[in-house]
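# Structural characterization, general
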Amino acid sequence: MENRAIFSGKLLPYLLILPQLAVSLIFFYWPALQAVQQSFLVQDAFGLSTEFVWFENYINLLQTPEYYHAIGVTLLFSALVAFFSLGLGLLLAAMANHNIRGIQIYRTFLIIPYAVAPAVASVLFIFMFQPGLGMIARALQRGGIDWNPVLNGTHAMILVVIVAVWNQISYNFLFFLAGLQSIPKSVIEAAAIDGATPTRRFWTIIFPLLSPTTFFLIIVNITYVFFNTLGIIDTATGGGPNGATQTLVYKVFQDGKVGTDLGGSAAQSVILMIIVVGLTAFQFRYVEKKVHY
Amino acid sequence: MVEHRRFGNLLPHLILLVGVVIVAFPVYLAVIASTHDNAVIANGQMPLIPGSHGFETYWNTIVSGTGRTTRQPVGAMMFNSLIMALGITIGKIAISIISAYAIVFFAFPFRMTAFWTIFITLMLPVEVRIFPTYKITSDLHMLDSYSGLILPLIASATATLLFRQFFMTVPKELVEASKIDGAGPIRFFWDTLLPLSVTNIAALFVILFIYGWNQYLWPLLITTRDDMQTIVIGIKKIIDVHDALTEWSVAMATAVLAMLPPVAVVVLMQRLFVKGLIETEK
């Protein structure tokens, strides 16, 4: 930045940066600090007195089985969504990279899910999976499966995973396609001359060269599941049945809405913030290594 | 490709076709369902071709808002969504382009402090600071208002970073030439930098419009009045009846209307969309 040609101005740069700083301070830093502060306090039932309790809220939180359950749900959910949406995205991108005709048309259809809000995507799938009237639900019932995501936790999890995978496919497809197209053709041709079959070429050359994209996408997908699937869960299952689809973020939302335990809810938020900082830092480490798209 | 086999491209076409069908089917089914009668849908015998109730359903959904429940017409919800999406998009672009301009083209004390202050907001998505932010918005009397829907979401480190990165590629000869011509910082911004940034702004517009239109958690919390609801929130209320009486044709028509603007933007501005997506994630 040092060799920039610079304008002089005493007041102007501050005026230019002021709106963004003001919004950041009011709506980002102030609430974040409040969450941290709140997480060290306990308030009585009427909100009349507050007491500073150090880490008591955190300790209480880490002693509730529901919290560990939510962690487990989040990890399972993330793993399933990342695995399937990355796998399908890569498969479709690898096929689209064959230099075939009509790629524009395929791409146009494949990017549509990105534009659909998670909550709306959820509604589309609820319609198909609604016991009694949904097309897929009826097919499953005819096949002897007693499909009911309202009562069966496994079914509820399958439903939200399907919606999230569908919602994320576009993103993974586009990034994998860009990644594949940046791999030099000469490397692949050299391997072909050495007699490597297409499958062997994919796993020994293309896939390793694609690893920066894959790592990047794993992080993005985990972040997506952590924070953007709230709309899916809230519309499709409401975290149920019996907490089977209650992720960490959804738990903050639900506990906060009830509003009886401000300190505990704030402690959950702070833990989430630490997770985001970790994920973002991790992501930037890979970007620093000059990931090529 | 390296090999030239006769049916070499058959498999890719087949797999892509299956992919497209799987991806498009839920959307297709929603469009079809929105043209059928509720009774036909409810007994699970809905055909896979359009029915004849389309006009009636869309009219009821958008304009009159009739039905068993007393609902807002979806047209009004779409208007709220549009205001919110455009407000977030324009607001984000406006405040980040000027802050990036200050950071790149000016030398002033605390420049790097300001940059990092903005940069770190990347790590605080609205979901993790949701209730304190709600409280502040409420203290500022912005519940149930457009400013409350828009303002807390417009600070964006990604847009600032994108503009900063782009501004740093602008050759300094250009700045010097402008200075020799007697242009001050504001003239340089309007006459030179802004025209150069048009593609970046357009790409960002596409991404941010989708982001804004598809917001869920924030509008859900801060809108209590029905006439402030956005369509993405409204749709939940339509199917939120845990019984068999959900008006599926209305629900599906609403889903179609909720998808229409962002899908149209993505499909019609594909090139800008892909550019925006890849640049903002760098």
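Residues numbered from 1 in each chain as written. Chains lettered and ligands numbered in written order. Predicted model: local features only at pLDDT ≥ 70, side-chain atom pairs only at ≥ 80, totals over all residues.

## Observations concerning the overall build of chain B
- Along its length, chain B carries 15 helices and 0 strands.
- Relative to a compact globule of 282 residues, whose C-alpha radius of gyration would be 19 Å, chain B shows 24 Å and is clearly more extended.
- Dimensions along the principal axes, computed over C-alpha positions, put chain B at roughly 75 × 70 × 35 Å.
- The proportion of buried residues among the 282 residues of chain B is 45%. (Helix = DSSP H or I, 4+ residues; strand = E, 2+ residues; numbered from the N terminus. Rg over C-alpha atoms; globule rule 2.2 N^0.38 Å. Buried ≥ 20, exposed ≤ 12 C-beta atoms within 10 Å, placed from the backbone.)

## Section: the packing of helix H13 (residues 231-239) of chain B against helix H14 (residues 248-268) of chain B
Residue and element names in this part refer to chain B.
- Orientation of H13 relative to H14, taken along the N-to-C sense of each, is 165°, at an axis distance of 10 Å. Classified by the angle between their axes, H13 and H14 sit roughly antiparallel to one another. The crossing of H13 and H14 is left-handed. Touching Ile231, Val232, Gly234, Ile235, Ile238 and Ile239 of H13 are Val250, Ala251, Thr254, Ala255, Leu257 and Ala258, all from H14.
- Counted by class, the contact of H13 with H14 contains 10 nonpolar, 2 polar and no charged residues. (Axes fitted to C-alpha atoms, helices over the stretch in contact; angles between N-to-C directions. Parallel < 35°, antiparallel > 145°, perpendicular 65-115°, else oblique. Left-handed = near helix turned anticlockwise from the far one by under 90°. Contact = placed C-beta atoms within 7 Å. Nonpolar A, V, L, I, M, F, W, Y, C, P; charged D, E, K, R; others polar.)

## Some points on the interface of chain A and chain B
- Each partner contributes residues to the interface: chain A has 78 residues there, and chain B has 80 residues.
- For the side of chain A that touches chain B, the element with the highest residue contribution is helix H1 (residues 12-38) of chain A, accounting for 18 residues.

## As for H14 of chain B
Residue and element names in this part refer to chain B.
- Across its 21 residues, H14 extends 29 Å between first and last C-alpha, which sits within 8% of the 30 Å expected from 1.5 Å per residue.
- The largest bend in H14 amounts to roughly 35° and is located at Leu260, with the proline Pro261 lying one to four residues further along.
- For H14, the tally of buried residues reaches 15 of 21 residues, placing the bulk of the element in the interior. (Expected span 1.5 Å × (residues − 1). Bend = angle between axes of the 7 residues up to and from the residue.)

## Quick notes on helix H10 (residues 185-196) of chain B
- Taking 1.5 Å as the rise per residue, H10 of chain B with 12 residues should run 16 Å; its terminal C-alpha atoms sit 15 Å apart, in good agreement.
- Residues of H10 of chain B that are buried: Pro185, Phe188 and Leu193 of chain B. Viewed along the axis of H10 of chain B, the buried residues span an arc of 55°, placing them on a single side of the element. Those residues of H10 of chain B that are exposed and angled more than 90 degrees off the buried face are Arg187, Trp190, Asp191 and Pro195 of chain B.
- In this fold, the buried residues of H10 of chain B make contact with H1 of chain A together with helix H4 (74-105) and helix H9 (172-180) of chain B. (Arc of directions from axis to C-beta.)

## Overview of the nonpolar core
- Counting residues in each nonpolar core, the largest one holds 155 residues, and the members touching the most others are Val120, Val123, Phe125, Phe127 and Val163 of chain A together with Ile235 and Ala255 of chain B.
- Setting aside anything within four residues of it in sequence, one finds Phe127 of chain A in contact with Gly134 of chain A together with Leu29, Ala30, Ala33, Trp248 and Met252 of chain B. (Core = buried A, V, L, I, M, F, W, Y, C linked by C-beta atoms within 7 Å.)

## So, the packing of helix H3 (residues 65-96) of chain A against helix H8 (residues 153-181) of chain A
Residues and elements named next belong to chain A.
- Relative to each other, H3 and H8 sit at 45°, their axes nearing to 7 Å. Classified by the angle between their axes, H3 and H8 sit oblique to one another. Judged by the twist between their axes, the crossing of H3 over H8 is right-handed.
- Considered class by class, the residues forming the contact of H3 with H8 number 19 nonpolar, 4 polar and no charged.

## Quick look at the environment of Val220 of chain A
- Relative to the helices and strands, Val220 of chain A resides in helix H11 (residues 211-228).
- Residues Val220 of chain A and Leu25 of chain A, 195 residues apart in the sequence, show an inter-C-alpha distance of 26 Å.

## Some details on the environment of Val53 of chain A
Residues and elements named next belong to chain A.
- Positionally, Val53 belongs in the loop between strand S2 (50-52) and helix H2 (56-61).
- As a C-alpha pair, Val53 and Asn99 span 46 residues in sequence and 63 Å in three-dimensional space.
- In contact with Val53, not counting residues within four places along its chain, are Phe40, Leu41 and Val42.

## Here we look at the confidence of the model for chain B
Residues and elements named next belong to chain B.
- Per-residue confidence for chain B gives a mean pLDDT of 84; residues scoring 70 or more make up 92%.
- Between the elements of chain B, mean pLDDT differs from a low of 77, seen in helix H2 (residues 38-42), to a high of 92, seen in H4.
- Across the interface, the model reports ipTM at 0.88; the global pTM reads 0.89. (pLDDT = per-residue confidence, 0-100.)

## Things to note about unusual backbone geometry
Residue and element names in this part refer to chain B.
- With a phi close to 60°, His141 is a non-glycine residue in the positive phi region.
- On the secondary structure map, His141 appears in the loop between helix H6 (130-139) and helix H7 (146-150).
- What makes His141 exposed here is the crowd of 10 C-beta atoms within 10 Å.
- We note that Asp144 has phi near 55°; this positive angle belongs to a residue other than glycine.
- When you line up the elements, Asp144 lands in the loop between H6 and H7.

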